[in-house]
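Now for the letters of each chain:
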There are 2 protein chains.
Amino acid sequence: MNQYSQKSKEELLALKEELEAQYEKKKALNLQLDMSRGKPGTSQLNISMGIMDTLSSDSSLLASDGTDCRNYGGLDGIPEARQLMAEMMGTLPEHVIVFGNASLTIMYDAISRSYTHGVLGSTPWCKLDQIKFLCPVPGYDRHFAITERFGIEMINIPMNEDGPDMDLVEKLVSSDAAIKGIWCVPKYSNPQGVCYSDETVRRFANLKPAADDFRIYWDNAYAIHHLYEDNQPEILDIISECEKAGNPNLVYEFASTSKVSFSGAGIAALATSPANLEDVKKQLTIQTIGYDKLNQLRHARFFKNLDGLKAHMKKHANEMRPKFEIVLDILEKELADTGTGTWTKPLGGYFISFDSMEGCAKKIVEKCREAGVVLTNAGATFPYGNDPNDTNIRIAPSFPTPEEMAQATELFTLCVKLVSIEKLLAK
Amino acid sequence: MNQYSQKSKEELLALKEELEAQYEKKKALNLQLDMSRGKPGTSQLNISMGIMDTLSSDSSLLASDGTDCRNYGGLDGIPEARQLMAEMMGTLPEHVIVFGNASLTIMYDAISRSYTHGVLGSTPWCKLDQIKFLCPVPGYDRHFAITERFGIEMINIPMNEDGPDMDLVEKLVSSDAAIKGIWCVPKYSNPQGVCYSDETVRRFANLKPAADDFRIYWDNAYAIHHLYEDNQPEILDIISECEKAGNPNLVYEFASTSKVSFSGAGIAALATSPANLEDVKKQLTIQTIGYDKLNQLRHARFFKNLDGLKAHMKKHANEMRPKFEIVLDILEKELADTGTGTWTKPLGGYFISFDSMEGCAKKIVEKCREAGVVLTNAGATFPYGNDPNDTNIRIAPSFPTPEEMAQATELFTLCVKLVSIEKLLAK
């Protein structure tokens, strides 16, 4: 039995000494590794280099509807880019507006617009005393940063294996008109890799919010970001489920090619009901004369359609899978049966979510940093950076090479063991 | 003497009959011409096609500081793009952030941010009862649309030949803390083509606003958009003038390559003081992980520096100049000495500003439209679309071909004459 909690004080002290020696050795290597952000690695970026040759001065730069992509205009995006992004999200092009390079900006602007002008004619949020958002946790720090910036009170919602705790979501949303939204990453959630079940999606579509201007902020960031070919969960299309439920305006869906083509130079999209689109365009028509249509054209011509996207994502999976497997193998080898932590084994997305013993996450991250391995700040996966149990750590395997990931994960497991022992000894 | 106001009723009636016959003939041509928007023509867009070949899969996609332009990051923009945009604006790269494809979006976001979060720590405008902006008129309709969207009261400021009426600007800005900004197009103003004199720029830099969060919104849209090689007015750098005056934070300057490279796919920039930049970045760091750095790199490599930009703008001038001259020649030939209107003769920019007899602009635009020539709506150059004298019409010669511009302007002068005669006869 290797459970740390079953070991005697003497055993723990002996183990500690041994592990500390290993830690000092690792430290002496002066590692400089970053597994903090969901950032594609160089080999992944290289996969998309063909996109750089898609348009040249010899190309026709007219969109399929005759729009000159070089000139002003085209608030909705060009038809072929709307089609491509619709296919990626599993919806129809008439639900889609294609924007610039970042879905994060679309989300920020959606909150900012609701704050300044309300939602489909509702009172602007800046005129209300209190606005609340539901935040499934652990979740994506940049979502929480947006709501925090606007002074929106964030309420933690526990995540289950099939999505957020829907009993709690339904109860809160239907009873409190100050609750205006919920952040969701429905597929390969950040950081756990959870995929919402059909029942979860349907319960979302059938919510009966107390607030007319409540919206589901459905960040479909990893719609096609599978790790395996033979085990690819699909989630229901939230937009048509909302239509069926008689709630067509209930959801804003976001997606981008940031982790398909280039993170800094992709295209992003919003999908929602015709009424919501009209509402959004009241802002867009003042804010821009149109987004970068040449980059939209570049993407549409390069990827062509969903099959093109899928074939491309296989190449990404081939780069990502070994890194995930290295992390998972080392976690298994080093920590299984120790009782010092649990972790997720995602089938896609960009993260592995690790839960340490209570009160250990911050110390583990700090100990890793001291030895040259940067992890996402402990707490970052919770609103206000506050993980009430101090357990969750997000591991992002994409940026380092497989060799670096192995080194980093070995150090990580060492730190987990050391901090856990310190906790057990302090009892 | 050809002054219409000096003609007898009989003379006017005879002339009217003759002009109406000409108008019907023109109408029968079924023209479909648009001189409403400051939109580059196809021949101008063709000038920049080399930009499509600047980057390919063989190119290094690293910025000069080693940043991989394909990946996330780089909130300020890459160094070479900051340098390029700084040179275009006549300021230093440390004052510059490079954004996405539209300066309009930077301006909208600046107003929106002030509304939600204030300016450098001031009270957010949404918490104040009244916000006012000064609007030199005639001016740019899209500026006015932004302020109108946020419920900001707009106050007309007359334009003189050397810029806005600074006596009035100084008086209002120093006495009313509800006045938070003024929209300026300091060089080749939209629509008059006015260039602010050194004295005007210095008086701006030395304003003593009653409101701490007052800013000059300096839209330097036409900084390098000259029509002639031998007559190129230069304006003072507002940022260094503000520094000299001890008001470093007084101005936000905006510019873009929308009318240099491609209108839909250029790069845009903000230039301002370090303190203002930090304030803006508090938003940006939540709103985006960075703008499209590949397009920044493409622009920096293609244009290289200010000399490259200037050489490129000569080609634009060669396309634009004939169109402006055709309009001006026809206006001169048809309307000089008639007393039916006055117009500007700009040395750069995108517009000619025409002033009809009082109460005639709307009717002229309508009459042109009936015969297939679309002009900017009369009134559009004033806040709320309300030109108090109904005189101003903005002519945008860029999009049609020279032949089309000749046809459109001939029709325009015909409409000016007819509407003027109707007004004189109605007296």
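For the structure, check the block above.
Throughout what follows, the structure given in this document is the object of discussion. (Residues numbered from 1 in each chain as written. Chains lettered and ligands numbered in written order. Predicted model: local features only at pLDDT ≥ 70, side-chain atom pairs only at ≥ 80, totals over all residues. Heavy atoms only, no water.)

A look at empty space enclosed by the protein
Here's step 1: As enumerated under the stated definition, the model contains eleven cavities of 30 Å³ or more in all.
Here's step 2: Estimated volume of the largest cavity: approximately 410 Å³.
Here's step 3: Lining the largest cavity are 26 residues; nearest its centre among them are Gly100(A), Tyr291(A), Gly100(B), Asn101(B) and Tyr291(B).
Here's step 4: Of all the secondary structure elements, the ones that give two or more residues to the lining of the largest cavity are helix H4 (103-117) of chain A together with helix H4 (103-117) of chain B.
Here's step 5: Taken together, the residues of the lining of the largest cavity break down into ten nonpolar, twelve polar and four charged. (1 Å grid on protein atoms, 1.4 Å probe; cavity = no way out; pocket = protein on both sides within 12 Å on 5 of 7 lines; lining within 4 Å. Points joined across faces, edges and corners; volume = space filled by probe spheres on them. Helix = DSSP H or I, 4+ residues; strand = E, 2+ residues; numbered from the N terminus. Nonpolar A, V, L, I, M, F, W, Y, C, P; charged D, E, K, R; others polar.)

Brief notes about the pairing of strand S3 (residues 132-137) of chain A
All names here are of chain A.
Here's step 1: Within S3, six of the six residues are buried, leaving the element largely enclosed by the surrounding structure.
Here's step 2: Judged by which residues are buried, S3 turns out to be covered on both faces: Lys132, Leu134 and Pro136 on one side and Phe133, Cys135 and Val137 on the other are all buried.
Here's step 3: Here S3 pairs with strand S4 (residues 153-160) via six bridges, running parallel. The residue of S4 that forms the bridge with Lys132 is Glu153.
Here's step 4: When S3 meets strand S6 (residues 179-184), the two strands line up parallel, connected through three bridges. Within the sheet, the bridge partner assigned to Phe133 lies in S6 and is Gly181. (Buried < 20%, exposed > 50% of the residue type's maximum accessible area, 1.4 Å probe, protein only. Pairing = 2+ DSSP bridges.)

Digging into the relation of the copies chain B and chain A
Here's step 1: Aligned on chain A, chain B shows an RMSD of 0.0 Å; the corresponding rotation is 180° and the shift along the axis is 0.0 Å. Taken together, the rotation angle and the small translation identify this as a two-fold axis. (Least-squares fit on C-alpha atoms with pLDDT ≥ 70 in both.)

Observations regarding the environment of Leu31(A)
Here's step 1: Relative to the helices and strands, Leu31(A) is located in the loop between helix H1 (9-28) and strand S1 (33-35).
Here's step 2: Sequence spacing of Leu31(A) and Phe150(A) is 119 residues, and the spatial spacing of their C-alpha atoms is 38 Å.

Looking at the sheet that holds strand S5 (residues 163-164) of chain B
Each strand in a sheet pairs with its neighbour through backbone hydrogen bonds, running either in the same direction (parallel) or in the opposite one (antiparallel).
Here's step 1: Spatially, S2-S9-S8-S7-S6-S3-S4-S5 (chain B) is the arrangement adopted by the eight strands of the open sheet, whose pairing is mixed. Strand pairing shows two members of the sheet lacking a second neighbour, strand S2 (96-98) and S5 of chain B, which therefore form its edges.

Quick notes on a negative patch on the surface
All names here are of chain A.
Here's step 1: Taken together, the side chains of Glu325, Asp329, Glu332 and Asp337 present a region of like negative charge at the surface.
Here's step 2: Along the chain, Glu325 falls in helix H11 (residues 306-335).
Here's step 3: According to the relative accessible area criterion, Glu325 is partly exposed, its value standing at 32%. (Patch = residues over 30% accessible without salt bridge, like charges linked within 9 Å, V, L, I, M, F, W, Y side chains within 5 Å. Areas by Shrake-Rupley, 256 points an atom, 1.4 Å probe, with all protein chains shown as cover. Salt bridge = Lys/Arg side-chain N within 4 Å of Asp/Glu carboxyl O. Lys, Arg positive; Asp, Glu negative; His and termini not counted. Charge placed at Lys NZ, Arg CZ, Asp CG, Glu CD.)

Topic: the sheet that holds strand S13 (residues 392-395) of chain A
Residues and elements named next belong to chain A.
Here's step 1: The strand order across the open sheet built from three strands is S10-S11-S13, with neighbouring strands paired in antiparallel fashion. Each edge of the sheet is formed by a strand with only one pairing partner; in this case those strands are strand S10 (341-343) and S13. Neighbouring strand axes in the sheet, compared pairwise and without regard to direction, differ in orientation by 25° on average.
Here's step 2: When strand S11 (residues 352-356) meets S13, the two strands line up antiparallel, connected through four bridges. The residue of S13 that forms the bridge with Asp355 is Asn392. (Axes fitted to C-alpha atoms, helices over the stretch in contact; angles between N-to-C directions.)

Section: the interface of chain B and chain A
Here's step 1: Counting residues at the interface gives 58 residues for chain B, matched by 58 residues for chain A.
Here's step 2: Linking chain B to chain A there are zero salt bridges.
Here's step 3: Residue assignment for the side of chain B that touches chain A shows that the elements contributing at least two residues are helix H2 (42-47), H4, helix H5 (141-149), helix H9 (274-287) and helix H10 (293-303) of chain B.
Here's step 4: In terms of residues, the side of chain B that touches chain A owes the most to one element, H4(B), which gives nine residues.
Here's step 5: Taken together, the residues that form the side of chain B that touches chain A break down as 23 nonpolar, 21 polar and 14 charged. (Contact = heavy atoms within 4.5 Å.)

Focus on helix H9 (residues 274-287) of chain A
Residue and element names in this part refer to chain A.
Here's step 1: Its 14 residues give H9 an end-to-end C-alpha distance of 19 Å, which sits within 8% of 20 Å, the value for a rise of 1.5 Å per residue.
Here's step 2: Of all bends in H9, the biggest is about 30°, found at Lys281.
Here's step 3: Among all positions in H9, only Asn276, Leu277, Asp279, Val280, Lys281, Gln283, Leu284, Ile286 and Gln287 are buried. (Expected span 1.5 Å × (residues − 1). Bend = angle between axes of the 7 residues up to and from the residue.)

Remarks on the packing of H4(A) against H4(B)
Here's step 1: Axis separation between H4(A) and H4(B) bottoms out at 10 Å; the angle between their running directions is 65°. Here the hand of the crossing between H4(A) and H4(B) comes out left-handed. Each of Ser112(A), Tyr115(A) and Thr116(A) in H4(A) lies in contact with H4(B), whose residues at this interface are Ser112(B), Tyr115(B) and Thr116(B).
Here's step 2: Residue composition of the contact of H4(A) with H4(B), by class: two nonpolar, four polar and no charged. (Left-handed = near helix turned anticlockwise from the far one by under 90°.)

Quick notes on the packing of helix H5 (residues 141-149) of chain A against H9(B)
Here's step 1: At a minimum axis distance of 9 Å, the contact between H5(A) and H9(B) shows a crossing angle of 140°. When the interaxial angle is binned, H5(A) and H9(B) end up oblique. Between H5(A) and H9(B), the residues in contact are Arg142(A), Ala145(A), Ile146(A) and Arg149(A) and Lys282(B), Gln283(B), Thr285(B) and Ile286(B), respectively.
Here's step 2: Grouping the constituent residues of the contact of H5(A) with H9(B) by class yields three nonpolar, two polar and three charged. (Parallel < 35°, antiparallel > 145°, perpendicular 65-115°, else oblique.)

Details of the packing of aromatic side chains
When we look at a pair of aromatic rings, we describe it by the centre distance and by the angle of the planes.
Here's step 1: Evaluation of the coordinates by the stated rule reveals 34 aromatic pairs over all chains.
Here's step 2: When the centroid spacing of 6.5 Å and the interplanar angle of 55° are considered together, the rings of Tyr252(B) and Phe254(B) count as tilted. Both residues of the pair, Tyr252(B) and Phe254(B), belong to the buried class.
Here's step 3: Among the aromatic side chains, those forming a connected cluster through ring pairs are Trp125(A), Phe133(A), Trp183(A), Tyr217(A), Tyr252(A) and Phe254(A).
Here's step 4: Seen from the ring of Tyr350(B), Lys259(B) lies directly overhead, with NZ or CZ sitting 5.2 Å from the centre. (Phe/Tyr/Trp six-rings, centres within 6.5 Å; stacked < 30°, edge-to-face > 60°. Lys NZ or Arg CZ within 6 Å of the ring centre and 35° of its normal.)

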